[in-house]
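Here are the chains, one letter per residue:
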Amino acid sequence: MLFNSFEFLIFLPTVFLLYWFVFKSLKWQNFFIVVVSYIFYGWWDWRFLILIAFTTIYSFFSGLYIEKYTDNKKRSRWICASSIIINLLILGIFKYYNFFKENLELLFQAFGIQLDWVTLDILLPVGISFYTFQALSYTIDIYRKKLDPTHDIVAFFAFISFFPQLVAGPIERATNLLPQFYKSRQFDYTKAVDGLRQILWGLFKKMVVADNCALYVNRVFADYTACDGPTLFFGALFFTFQIYGDFSGYSDIAIGTARLFGFSLMRNFNFPYFSRDIAEFWRRWHISLTTWFRDYIYIPLGGSREGKWKSVRNTFIIFLVSGFWHGANWTFITWGAYHATLFLPLLLSGENRKYLGIVAEGKYFPSLKESCQMILTFLLVVFGWIIFRADNVGDAWHYIYNMIATWQWALPEIHKKAALGIVILLCVEWFQREKQHGLQITGNGLLRFRLIRWALYIILICLIIHISGMQADFIYFQF
Amino acid sequence: MKKFLIRILLFWGIFIGIYSIFIIRFIYLSNKVSFEIEPNKNILVLGDSQGQFCISDTIIGNTYNLCRWGEGYLPNYLKLKRVLNSPNQIDTLLLIFTPLKTDKNADKTDFSPETVNHTLGKYYPFFSKEEFKLFSFPYFMQGVLRSVTYTDISFQSFGSSGMLYGNHIETVIEKQNKKTPDKTFYGNKVELKYLNKILSLCADHNIQVILFSPPMYQADKFYDTSNFYKIYHKEYSHIPFCDMTEINFPDSCMADINHLNIHGARRISHEIKEIGLQNFVRKYPPSRQSIFTFPSATSQ
């Protein structure tokens, strides 16, 4: 079920009313969450419910056994490892099997050996990378004694399958989300209203910005050899906003929906396109995944504390793994390597934590230096997205080459609705950059009047109705 | 919670209230449009862009061209109903009938997401129960919600003759070759059903129908012409058919592979004006005669 679909428009209020008025006790509420989450997920393909149920049960019992053999380190390590292996194996088969198979065949072919493995026609289960990582973090945290395993299987099922963030994150840590299933939840008016605002802003980003940009981007990337430099540049530029509108829009809807049910999910985006360097960009982009890799790969590998070479190695590893997490294609790995290359100079010069605050804090506009830094970082990110979006690495290089080779100083024909959406997005998010999301209202200025606020909501809803692009799946579902 | 629900209901109440006013206004204005045709016009032209950019009603004085780009037989049927319920002297309907209209995926014109804006949203005020049933509720709502932004609700906005300039055959072919084919299958049942409804409506009003297929560029190459002739001979051979599908028309008269440009439109319109519609129809009989027995014409 898509957040921007008619089904969800019926689903959400129904679930909301039943949740608060019918299933009032904690146990029943958790049970209800599991049922509706499975309906939500099964809407795509009910067969994948078996997979998510298996992952949940395996991780749940792994947690219990790690606790049981807590004094036997070797055994608990094996249990933890088996859980990691099983989960990654499922992910590997469903997401990466054909990639490895094709590349191994090519490799062996180079040595004159013909491999004839079976190509599996596998459907990629929606959001498999998200819930697998969530399950992994649970098992690892128990093994590291950061978390006590839960004995409440319903709460654990609800934690893994919680429908707002099930298919595209934020990837929640058990330490943050699981305890919320133990405590009785009270309806909070302020949180619920803010949640609705966040949902509205997320829908705007998805339906007005991302879906309109997609129309232009799909055309340009499908036919890039026939486009001139400026058109190719705008194709990449629009994809930059498409992927942001799509993914951060989903996160906003997820976080807002969770708030309606009394849950707090972690922030996933912090206005990344206003970053002053690549390190800051990565602190603001897909925060839940970046911090996951930091906590479960980078730091265990030694982080940046064991000398320069190990820092370089570890940085490359997490960027490559991060790229590979997005999909079984060399484009994603190259995209990871590209960002690692941009990040390394900052890390080696010790400047990777230079910009921890908000750009131009307390001011309306950035300084000239800040503007230049933001534009440069943004352009580097745009180039990265070309690699990410292209069908293969060769196409990415050709795209960039054509863009430069056929450059001319002329404004190409652009998609006006997409451009309007981007302008609104940038303006709103710039002035809201100190807040949690684009539509967080603190009650100052004109917005303290309900009439003005409601007029604003109505304008946004009308924009969504009238200038939204064609309904499309969220890009990150495929990851 | 109570406060939250009351405010939500109030907000949506106000929103739906305001929106309904605009929707009602749109329905009211659409229904107020007069479809009266001047008494000196006795030939009505209906169809899509192929008719719109082919028959010039300023050259042929006794015709009125109500064709509009992207419109299938469904909206044309609704327009015809309106015209026939208004004062008119129409005795002949020149109906565009081309391989595009009988294509196995012809219903795309009515149901593809692209048409929500310009067909569904524009014509729902004219729908009867039967038409409402054709569209799913969410799809229908999209059309209704978006319709409030239509600013032009005049008679002309429902169709008029027009002219295309230049020759873009090569560009269009190039684009067509690169285009990723749409995998959705829509069938052609609805289009053919509404073609039949147009024919019966005309029969009820004693209006002679003439099917007309304007010239196309290498029709055989780009369209399923054999299915087109099969359907014609099986279902509509009793209706006069002016068939220029496979006429060797000069490229300089084509705007693209299935539209005439200003030169082509002028040439045909002047010819009709000079020799008269009936002679024109006789001059271009169906280019392929029936030689087979046909198993099934429609597909869904």
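Residues numbered from 1 in each chain as written. Chains lettered and ligands numbered in written order. Predicted model: local features only at pLDDT ≥ 70, side-chain atom pairs only at ≥ 80, totals over all residues. Heavy atoms only, no water.

Asks: Looking at this model, I keep getting lost on empty space enclosed by the protein. Mind explaining?
Replies: Take a probe with the size of a water molecule and roll it over the atoms, and the empty space left behind shows itself. Residue and element names in this part refer to chain A. Evaluation of the coordinates by the stated rule reveals two cavities of 30 Å³ or more. In this model, the largest cavity occupies a volume close to 40 Å³. Forming the walls of the largest cavity are Tyr244, Phe271, Pro272, Tyr273, Phe274, Leu425, Leu426 and Glu429. Sorting elements by how many residues they give to the lining of the largest cavity places helix α16 (residues 416–431) first, with three residues. A per-class count over the lining of the largest cavity returns seven nonpolar, no polar and one charged. Within the lining of the second largest cavity, the residues separate by chemical class into four nonpolar, no polar and two charged. (1 Å grid on protein atoms, 1.4 Å probe; cavity = no way out; pocket = protein on both sides within 12 Å on 5 of 7 lines; lining within 4 Å. Points joined across faces, edges and corners; volume = space filled by probe spheres on them. Helix = DSSP H or I, 4+ residues; strand = E, 2+ residues; numbered from the N terminus. Nonpolar A, V, L, I, M, F, W, Y, C, P; charged D, E, K, R; others polar.)

Asks: I would appreciate a short explanation of the packing of helix α1 (residues 6–22) of chain A against helix α2 (residues 26–42) of chain A in the present structure.
Replies: Between two packed helices, the angle of one axis relative to the other and the distance separating the axes together describe the packing. All names here are of chain A. One can describe the packing of α1 onto α2 by two numbers: an axis separation of 10 Å at closest approach and a directional angle of 170°. With respect to α2, the axis of α1 lies roughly antiparallel. Each of Phe8, Phe11, Val15, Leu18, Tyr19 and Trp20 in α1 lies in contact with α2, whose residues at this interface are Gln29, Phe32, Ile33, Val36, Ile39 and Phe40. Residues belonging to the contact of α1 with α2 are distributed by class as follows: 11 nonpolar, one polar and no charged. (Axes fitted to C-alpha atoms, helices over the stretch in contact; angles between N-to-C directions. Parallel < 35°, antiparallel > 145°, perpendicular 65-115°, else oblique. Contact = heavy atoms within 4.5 Å.)

Asks: Mind showing me how you'd approach a positive patch on the surface here?
Replies: Judged by side-chain charge, Lys73(A), Lys74(A), Arg77(A) and Lys145(A) come together as a positively charged surface patch. Its location among the elements puts Arg77(A) in helix α4 (residues 73–110). (Patch = residues over 30% accessible without salt bridge, like charges linked within 9 Å, V, L, I, M, F, W, Y side chains within 5 Å. Areas by Shrake-Rupley, 256 points an atom, 1.4 Å probe, with all protein chains shown as cover. Salt bridge = Lys/Arg side-chain N within 4 Å of Asp/Glu carboxyl O. Lys, Arg positive; Asp, Glu negative; His and termini not counted. Charge placed at Lys NZ, Arg CZ, Asp CG, Glu CD.)

Asks: What is the right way to look at the domain arrangement of chain A in this model?
Replies: Residues and elements named next belong to chain A. Here the domain parsing of chain A yields domain 1 (6–185) and domain 2 (190–276 + 355–478). Taken together, the contacts link 28 residues of domain 1 with 18 residues of domain 2. Here domain 1 packs against domain 2, burying approximately 2000 Å² in sum over the two surfaces, 71% of which is carbon and sulfur. By the criterion of area lost to domain 2, the three top residues of domain 1 are Pro164, Ala168 and Pro170, representing 25% of everything that side buries. The tally of links between domain 1 and domain 2 comes to five residue pairs in polar contact (both at pLDDT 80 or more). Of all the secondary-structure elements, those providing two or more residues to the side of domain 1 that touches domain 2 are α1 and α7 (174–177). (Domains from an automatic or database assignment. Buried area = accessible area lost by both parts, 1.4 Å probe. Polar contact = N/O pair within 3.5 Å; in protein donor to acceptor, adjacent residues only side chain to side chain.)

Asks: Would you explain the interface of chain A and chain B in this entry?
Replies: Often, the extent of an interface is quoted as the loss of accessible area upon association of its parts. Contacts between the two partners involve 24 residues from chain A, matched on the other side by 22 residues from chain B. Of all residues in chain A, the largest losses of buried area upon contact with chain B belong to Tyr189(A), Trp454(A) and His466(A), amounting jointly to 29% of the total for that side. Taken together, the links from chain A to chain B amount to zero salt bridges. Between chain A and chain B we count one residue pair in polar contact (both at pLDDT 80 or more) in total. If you list the elements that add at least two residues to the side of chain A that touches chain B, you get α1, α8 (189–222) and α17 (450–467) of chain A.

Asks: Sorry, what's going on with the layout of surface pockets here?
Replies: Residues and elements named next belong to chain A. The calculated volume of the second largest pocket comes to roughly 710 Å³. Lining of the second largest pocket is provided by 22 residues; of these, Arg294, Tyr298, Phe343, Asn352 and Arg353 occupy positions nearest its centre. Broken down by secondary-structure element, the contributors of at least two residues to the lining of the second largest pocket are α10 (278–284), α11 (287–298), α12 (308–326) and α13 (330–348). With seven residues, α11 is the largest single contributor of residues to the lining of the second largest pocket. A class-by-class count of the residues in the lining of the second largest pocket yields 11 nonpolar, seven polar and four charged.

Asks: Please clarify how unusual backbone geometry should be interpreted in this entry.
Replies: Trans is the prevailing form of peptide bonds, just as negative phi is the prevailing case for residues other than glycine. The backbone of His286(A) sits at a positive phi, close to 40°, despite the residue not being glycine. By the secondary structure assignment, His286(A) is in the loop between α10 and α11. Phi is positive for Gln218(B), which is not a glycine, with a value near 45°. Note on placement: Gln218(B) falls in the loop between β4 (208–213) and α11 (219–222). For Gln218(B), a relative accessible area of 38% gives the class partly exposed. (Buried < 20%, exposed > 50% of the residue type's maximum accessible area, 1.4 Å probe, protein only.)

Asks: How should I be thinking about the sheet that holds strand β2 (residues 63–65) of chain B in this particular structure?
Replies: Strand pairing within a sheet occurs via backbone hydrogen bonds; the two strands may be parallel or antiparallel. Residue and element names in this part refer to chain B. Across the sheet, five strands lie side by side as β2-β1-β3-β4-β5; this open sheet has parallel pairing. Strands with a single pairing partner mark the edges of an open sheet, and in this sheet they are β2 and β5 (241–243). The mean inter-strand angle of the sheet, taken between neighbouring strand axes irrespective of direction, is 20°. Both strand β1 (residues 43–46) and β2 contribute to a ladder of three bridges, which runs parallel. (Pairing = 2+ DSSP bridges.)

Asks: What's the story with the pairing of β4(B) in this structure? I'm lost.
Replies: Each regular strand carries side chains that alternate between the two faces of the sheet. All names here are of chain B. Burial analysis of β4 places five of its six residues in the buried class, which makes it a mostly covered element. Looking at chain direction, strand β3 (residues 92–96) and β4 are connected through five bridges and run parallel. Within β4, the position partnered with Ile96 by the bridge is Phe212. In this structure, β4 lies alongside β5, joined through three bridges in parallel fashion. Bridging from a neighbouring strand, Ser213 pairs with Asp243 of β5.

Asks: Please clarify how the nonpolar core should be interpreted in this entry.
Replies: It is characteristic of soluble globular proteins that their nonpolar side chains tend to be buried jointly. Counting residues in hydrophobic clusters, the biggest one holds 213 residues, and the most contacted among them are Tyr273(A), Trp285(A), Trp385(A), Leu44(B), Leu93(B) and Tyr236(B). Residue contributions to this core peak at 17 residues, all from helix α9 (residues 229–260) of chain A. No fewer than three residues from each of domain 1 (6–185) and domain 2 (190–276 + 355–478) of chain A sit in this core. Grouped together as the second largest cluster of nonpolar side chains are 30 residues, Ile55(B), Phe222(B), Cys253(B) and Ile268(B) included. (Core = buried A, V, L, I, M, F, W, Y, C linked by side-chain atoms within 4.5 Å.)

Asks: Where do I start with the pattern of salt bridges in this structure?
Replies: Under the counting rule described, the total for this entry stands at 19 salt bridges over all chains. Notably, a salt bridge pairs Glu280(A) with Arg284(A), separated by 3.1 Å at the nearest N-O pair. Residue Glu280(A) and its partner Arg284(A) are both found in helix α10; the two are separated by four residues, about one turn of the helix. Note on Glu280(A): relative accessible area 0%, which makes it buried. One salt bridge in this structure joins Glu130(B) and Lys197(B), with 2.6 Å as the shortest N-O distance. Separated by 67 residues along the polypeptide, Glu130(B) in helix α7 (residues 129–134) and Lys197(B) in helix α10 (residues 189–204) bring together distant segments of the chain. Because the salt bridges share partners, they merge into one network encompassing Arg173(A), Arg294(A) and Asp295(A).

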